[in-house]
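Coordinate analysis (summary)
Here is what each chain is made of, one letter per residue.
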Amino acid sequence: MKLNLGILGSGSGSNMQSIVEAIENGTLDAEIKIVLADVKDAYILERAKKHGIKCQYLDCAPWKTKLEGPAEDECIRILKDSGVDTVVLAGFMRIVKPKLLAAYPNRVLNIHPALLPAFPGVHSWTQALDYGCKVAGVTVHFVDAGTDSGPIIVQKAVKVEEDDTPETLHARIQVEEHKAFPEALGIIAAGNYKIEGRRVRIAR
Ligand code: GRF
């Protein structure tokens, strides 16, 4: 079934761009109803405008790392008024709280640049490199009340090269991110999956 997406972001919006491209080239049955950014000059808003997608800044003060209180209420109101049925966290640098999750049960997806459950939190590619991992990667998962902890929909691995720096590794992870998010949303749109505990069982 066609997805009506609400995208929340804080930064460049390259993941949103990959979703836009998947919609535009017909590989993803979805429409982006609204893009919200908690950073006024986030490039994700520029990208949305370029594609004629409705977008706006969402003031999340006074908190810096979570979406709660009046901003959370406002966010839910905008998403509902926009007809959003699926919420996409595309580089949204805040923890979302139970109220938003209750408004969209099993309908909030996040992308994390690591093979979870390894390296939740920030700069996970640097953590992987510092740990000496030979493989890093990306995870798209449903969001639950924890941090980077919900049931996994798609993962893609990236080989760590001997001469990798955090920047080069992150760049190759991002290439996989841009495949993983449209793929995960395609699974949700197709609707042929079941969440059983931590497992997302996909009928191919
Ligand atoms: C990505 O690396 C994503 O995995 C992380 O934040 C970054 C967002 O990048 N959660 P962009 O704004 O989509 O370009």
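Residues numbered from 1 in each chain as written. Predicted model: local features only at pLDDT ≥ 70, side-chain atom pairs only at ≥ 80, totals over all residues. Heavy atoms only, no water.

1. With respect to the pairing of strand S2 (residues 30-37)
The buried fraction of S2 is high, at six of eight residues. Where strand S1 (residues 3-9) meets S2, seven bridges bridge the pair, whose relative direction is parallel. From the neighbouring strand, Leu-5 faces S2, where its bridge partner is Ile-32. With helix H1 (residues 14-24) bridging S1 and its parallel neighbour S2, the resulting β-α-β unit is right-handed. Across three bridges, S2 lies against strand S3 (residues 55-57) in parallel orientation. For Leu-36, the partnering residue across the bridge sits in S3 and is Gln-56. (Buried < 20%, exposed > 50% of the residue type's maximum accessible area, 1.4 Å probe, protein only. Helix = DSSP H or I, 4+ residues; strand = E, 2+ residues; numbered from the N terminus. Pairing = 2+ DSSP bridges. Right-handed = clockwise from strand over helix to strand, strands pointing away.)

2. Concerning the side chain of Asp-38
Here Asp-38 is to be found in the loop between S2 and helix H2 (43-50). On the accessibility criterion, Asp-38 (11% relative accessible area) is buried. A polar side-chain atom of Asp-38 sits 2.6 Å from a polar atom in the side chain of Arg-94. In this view, Asp-38 contacts Gly-9, Ser-10, Tyr-57, Leu-58, Cys-60, Phe-92 and Arg-94; residues no more than four positions away in its chain are not counted. (Polar contact = N/O pair within 3.5 Å; in protein donor to acceptor, adjacent residues only side chain to side chain. Contact = heavy atoms within 4.5 Å.)

3. Here's the deal with unusual backbone geometry
The residue after Ala-61, namely Pro-62, is reached through a cis peptide bond having omega 10°. In this structure, Pro-62 sits in the loop between S3 and strand S4 (66-67). A cis amide bond, omega 10°, links Leu-116 with the succeeding residue Pro-117. Locating Pro-117 in the fold gives a position in the loop between strand S7 (108-112) and helix H5 (124-131).

4. Side note on the environment of Lys-159
In this structure, Lys-159 sits in strand S9 (residues 152-159). We classify Lys-159 as exposed; its relative accessible area is 55%. As for Lys-159 and Lys-134, which are separated by 25 residues in sequence, their C-alpha atoms are 6.2 Å apart.

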